[in-house]
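Structural description and commentary
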Amino acid sequence: MALRIYNTLTRTKEEFRPVREGRVGIYFCGMTVQDRPHVGHMRAFITGDIVWRYLEFKGYDVFYLTNFTDIDDKIIMKSKDEGIDWRMLAERNIEEFFKAANLMNLKPATHYPRATNHIQEIIEMVEAIMANGFAYESNGNVYFEVEKFAGYGKLSGKKLKDLIAGARVEPDPNKRHPADFALWKAHKPGEPYWHSPWGKGRPGWHIECSAMSTHYLGQPFDIHGGGTDLIFPHHENEIAQAEAARGVKFVNFWIHNEMLNLKGEKMSKSTGLFFAIIDVLEHYDPNAVRLYLLKSHYRSPIDYSEERLNEAQSAWSNFVEFFSKLPKELPEINLSDPSLAKWVKAFEDAMDDDFNTPKALAVAFELLSEANRLFTAGDESFAAHAALLKMLLEVLGFRVETGAQALGQFVDDLLELIVEVRSELRKERRYDLADKIRDRLGSLGVLLEDTPEGTIWKLSGRR
RNA sequence: GGCGGCGUAGCCAAGUGGCUAAGGCGACGGUUUGCAAAACCGUUAUUCCCGGGUUCGAAUCCCGGCGCCGCCUCCA
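Every value quoted in this text rests on a predicted model; they were computed, and no experiment measured them. Residue numbering note: each chain is counted from 1, following its sequence as written. Chains carry letters from A onward and ligands carry numbers from 1 onward, assigned in written order. pLDDT decides what is reported in this predicted model: residues at 70 or higher carry local features, side-chain atom pairs at 80 or more are listed and counted, and totals for whole chains, interfaces and linings draw on all residues regardless. Side-chain metrics in this entry use all non-hydrogen atoms of the structure; hydrogen atoms and water are not considered.

Notes on the overall build of chain A
This is how it is decided: Elements are defined by DSSP. Helices are runs of H or I of four residues or more, strands are runs of E of two residues or more, and each kind is numbered from the N terminus. Buried means the residue's accessible area, taken with a 1.4 Å probe over protein chains only, is under 20% of the maximum for its type, while exposed means over 50%, and partly exposed covers the values in between. Residue contacts are counted whenever heavy atoms from the two residues lie within 4.5 Å of one another. Per-residue and other accessible areas follow the Shrake-Rupley method at a 1.4 Å probe size, with only the shown protein chains counted as cover for residues. Only four residue types enter the tally: Lys and Arg on the positive side, Asp and Glu on the negative side, with His and both chain ends excluded. A charge is said to be at NZ when it belongs to Lys, at CZ for Arg, at CG for Asp and at CD for Glu.
The helix and strand tally for chain A stands at 15 helices and 15 strands. With respect to the principal axes defined by its C-alpha atoms, chain A has extents near 90 × 55 × 35 Å. Put simply, chain A has 463 residues, and 49% of those count as buried. If you take every contact in chain A between residues at least 6 apart in sequence, the share linking residues at least 24 apart comes to 75%. For chain A, the exposed surface amounts to about 22000 Å²; the carbon and sulfur share of it is 50%. Counting 58 positive and 69 negative side-chain charges, chain A places the centres of these two groups 3 Å from one another.

Quick look at the structure:
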């Protein structure tokens with residue numbers, strides 16, 4: 001089976017082939033850390049997480065990078081507004097990112113490069129671009145000259161004359177062409193700066209990603225991802241920079257996730273319309289949030305909606321219910337068993353088709369039904385099905401716990417005692433007391449279920 | 001103005017030329033239960049925004065409408 005990925009560069013699904021056999025280099029655009037990470041960012045990071053996990057499932061050795069752009073105009077502005085050091089602002093938001101990433105079970109990247117740690121690589125790339133005649137200096141600024149780069153617009157499908165017609169580019173006397181963009185910005189009083197061949201200054205936006213991605217992954221590398229809002233100008237400019245500097249193709253596959261919208265408007269920092277992911281996780285299980293994001297395909301827009309989140313929470317609880325009644329240890333999975341292999345094939349067929357997570361989840365839900373049927377029928381093969389289901393959910397990045405949630409031996413013992421006493425009461429048909437116990441425990445977040453095999457308890461997830 | 005996307009059940013959402021139009025949420029009925037919960041079984045789109053066309057055959061392709069959205073400026 002071959003993985004096919006929709007490549008923004010060609011606007012078609014292409015069979016994935018890595019530059020080097022068995023290995024994959026991925027650069028997924030991270031945040032410009034001027035503000036708190038929100039649910040829209042999380043959608044992008046989940047997209048990258050799925051790409052990584054699935055490639056690893058397919059047997060690839062993955063080198064995965066997510067950057068922090070920790071110096072740019074917005075960060076400087078924001079830090080001035082708040083009256084704090086720009087480094088503090090960046091650090092605060094980076095910390096919150098890691099907290100959210102951990103809660104959401106994002107696989108930690110192989111490396112998290114920061115723009116301010118790669119000024120040397122950035123300067124070298126700017127020099128290479130200039131040496132090749134694609135950039136010019138003007139009053140301590142260095143600009144990329146878009147008219148010199150023939151391939152400009154190949155990712156976004158834009159034409160230079162249309163860009164001028166848009167006329168939203170601010171006229172700048174330093175620029176030769178309105179669409180030229182800054183590789184290096186001359187120092188202004190009160191702003192951070194680094195020394196460069198063009199005097200004091202700082203990198204422009206875009207150059208850090210070209211410099212850092214190729215520094216770690218080489219050129220060309222396999223996969224570059226991010227939100228659709230980055231296609232132009234950010235990724236278009238990254239291509240121009242890297243290819244002008246080195247004269248070889250920058251990236252083979254471009255993956256872009258669609259936006260998460262809020263009441264029809266994009267959730268973004270500039271509009272002030274956003275929900276910080278950390279705040280959302282106060283109310284929702286991370287697995288439910290992940291399910292909410294994965295039940296739509298990554299290339300379709302999603303509306304942010306608490307109704308949808310509640311729906312996902314209900315859907316996820318079906319898995320929780322199932323796994324909580326299983327033993328902690330599940331059997332080894334034998335994939336050559338045909339009764340299991342057909343599920344893996346259905347899952348792979350779905351994921352191979354441009355990471356079709358809604359379809360892959362449908363397979364997971366059907367497998368859940370099958371496993372429940374086997375469980376109810378007392379068929380011992382249910383455990384093998386459960387183990388497979390756990391594995392598939394983990395490929396999709398869910399955290400799956402089996403057995404009753406561990407609260408410590410003491411609590412387990414107490415609950416066991418209560419359940420035992422209540423069972424005695426039920427035998428004596430004293431249902432008023434038995435129901436009272438169940439109700440009171442329920443309000444404490446402990447659910448009791450009377451099954452033919454005895455009473456089991458579990459946590460409701462809301463305490 | 002330029003470029004791109006979308007419209008499938010009450011809601012969300014796969015499917016993009018041919019098996020009974022996935023799956024989830026919700027709702028309703030049944031089995032089970034002291035009552036619940038959970039689980040299982042069943043029902044919930046003769047039809048895919050509307051109108052034409054191509055085809056033996058279309059939700060899927062083409063043309064024309066209507067409606068919604070994104071990008072073109074900082075953004076995941």
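A look at a nonpolar patch on the surface
Here is the rule: Only residues above 30% relative accessible area that lack a salt bridge enter a patch, with like-charged residues linked at up to 9 Å and the nonpolar side chains Val, Leu, Ile, Met, Phe, Trp and Tyr linked at up to 5 Å. One speaks of a salt bridge when a side-chain nitrogen belonging to Lys or Arg is within 4 Å of a carboxyl oxygen belonging to Asp or Glu.
Judged by side-chain polarity, L414, L417 and V421 come together as a nonpolar surface patch covering roughly 250 Å² of accessible area. In this fold, V421 is placed in helix 14 (residues 409-427).

Quick word on the sheet that holds strand 8 (residues 201-203)
The pairing of strands in a sheet happens through backbone hydrogen bonds and is either parallel or antiparallel. Definition in use: By the convention used here, strands pair only if DSSP detects at least 2 bridges between them. The axes used here are C-alpha line fits, helices contributing only the stretch in contact, and every angle between their N-to-C directions lies in the interval 0 to 180 degrees.
Sheet architecture is open: 4 strands sit in the order 5-6-7-8, paired in antiparallel fashion. At either margin of the open sheet sits one strand with a lone partner, and together these are strand 5 (135-138) and strand 8. If you compare each strand with its neighbour and ignore which way they point, the axes differ by 20° on average.

Observations concerning the nonpolar core
In plain terms, the rule: To qualify as a nonpolar core, a set must consist of buried Ala, Val, Leu, Ile, Met, Phe, Trp, Tyr and Cys residues joined through side-chain atoms within 4.5 Å. Segmentation of the chain into domains, including their bounds, is taken from an automatic or database domain assignment.
Counting residues in hydrophobic clusters, the biggest one holds 127 residues, and the most contacted among them are I129, F144, I223 and F355. Here the element with the most residues in this core is helix 1 (residues 39-57); it accounts for 10 residues. Residue assignment places this core across two domains, with domain 1 (18-266) and domain 2 (284-395) each supplying three or more. The next biggest cluster of nonpolar side chains, apart from the first, holds 7 residues, and it includes V419, L441, V446 and W457.

Observations regarding unusual backbone geometry
That bond from Q219 to P220 is cis: its omega, 0°, falls within 30 degrees of zero. Inspection of the secondary structure assignment puts P220 in the loop between helix 6 (207-217) and strand 9 (221-227). Of note, the amide linkage connecting F232 to P233 takes the cis form, showing an omega dihedral of 0°. Within the secondary structure, P233 sits in helix 7 (residues 231-246). The phi dihedral of D354 is positive, around 55°, even though this residue is not glycine. Residue placement: D354 occurs in the loop between helix 11 (338-352) and helix 12 (357-377).

Overview of the packing of helix 9 (residues 286-294) against helix 10 (residues 306-324)
The condition is simple: Orientation categories follow fixed angle ranges, with anything under 35 degrees roughly parallel, anything over 145 roughly antiparallel, 65 to 115 roughly perpendicular, and all other angles oblique. Working rule for handedness: look at the near helix, and if it is turned counterclockwise from the far one by less than a right angle, call the crossing left-handed; if clockwise, right-handed.
It is the contact of helix 9 with helix 10, at a shortest axis distance of 8 Å, that shows an interaxial angle of 110°. Of the possible angle classes, the one that applies to helix 9 and helix 10 is roughly perpendicular. The chirality of how helix 9 crosses helix 10 is right-handed. Of the residues in helix 10, those touching helix 9 at N287, A288, V289, L291 and Y292 are R308, L309, A312, Q313, A315 and W316.

Remarks on helix 12
Quick note on the threshold: The span expected for a helix works out to 1.5 Å for each residue beyond the first. For this quantity, the arc is that covered by the directions from the helix axis to the C-beta atoms. Nitrogen and oxygen atoms within 3.5 Å of one another constitute a polar contact, given that in protein one can donate a hydrogen and the other can accept it, and given that sequence-neighbouring residues count only through two side-chain atoms.
Spanning 21 residues, helix 12 covers 30 Å between terminal C-alpha atoms, matching the ideal 30 Å at 1.5 Å per step. All of the buried residues in helix 12 are T357, A360, L361, V363, A364, L367, L368, A371 and L374. What you see down the axis of helix 12 is that its buried residues fit within an arc of 150°, all on one side. The exposed set on the far side of helix 12, more than 90 degrees from its buried face, consists of T376 and A377. Elements in contact with the buried residues of helix 12: helix 1, helix 9, helix 10, helix 11 and helix 13 (382-395). Regarding helix 12, its N-cap is N356, as a side-chain oxygen of that residue lies 3.1 Å from the backbone nitrogen of K359 further along. G378 sits one or two residues past helix 12 and shows a positive phi near 75°.

Thoughts on the packing of aromatic side chains
Stated formally: Geometry of aromatic contacts follows a simple scheme: Phe, Tyr and Trp rings, the Trp one being its six-membered ring, pair when their centres are within 6.5 Å, and the pair is stacked under 30 degrees between planes, edge-to-face over 60, tilted otherwise.
Summed over the entire model, instances satisfying the criterion amount to 31 aromatic pairs. For the ring pair F45 and F97, a centre distance of 5.1 Å and an interplane angle of 80° mean the geometry is edge-to-face. Taken together, the residues F45 in helix 1 and F97 in helix 3 (residues 86-103) connect sequence positions 52 residues apart. Like F97, F45 is buried. Arranged with centres 4.8 Å apart and planes meeting at 85°, the rings of F98 and Y112 form a pair that is edge-to-face. Of this pair, F98 sits in helix 3 while Y112 sits in the loop between helix 3 and helix 4 (119-131); the two residues are 14 residues apart in sequence, bridging distant segments of the chain.

Quick notes on the side chain of T8
The residue T8 is located in the loop between strand 1 (4-7) and strand 2 (12-15) in this model. For T8, a relative accessible area of 8% puts it in the buried group. Those residues within four positions of T8 in sequence are excluded, and the remaining contacts are L155, I231, W254, I255 and H256.

Overview of the domain arrangement of chain A
What the domain assignment reports for chain A is domain 1 (18-266), domain 2 (284-395) and domain 3 (409-459). Taking the mean C-alpha position of each, domain 2 and domain 3 sit 29 Å from one another.

Concerning a negative patch on the surface
A surface patch of like charges, here negative, comprises D413, E416, E420, E424 and E428. If you trace the backbone, E428 turns up in the loop between helix 14 and helix 15 (431-443).

Digging into the sheet that holds strand 4 (residues 61-66)
Strand order in the open sheet formed by 4 strands is 4-3-9-10, with parallel pairing between adjacent strands. The sheet terminates laterally at strand 4 and strand 10 (251-257), the two strands that pair on one side only. In this sheet, neighbouring strand axes are inclined to one another by 20° on average, regardless of whether the strands run parallel or antiparallel. Inspection of the sheet shows strand 3 (residues 23-28) paired to strand 4 by 6 bridges, in the parallel sense. Paired with R23 across the bridge in strand 4 is D61.

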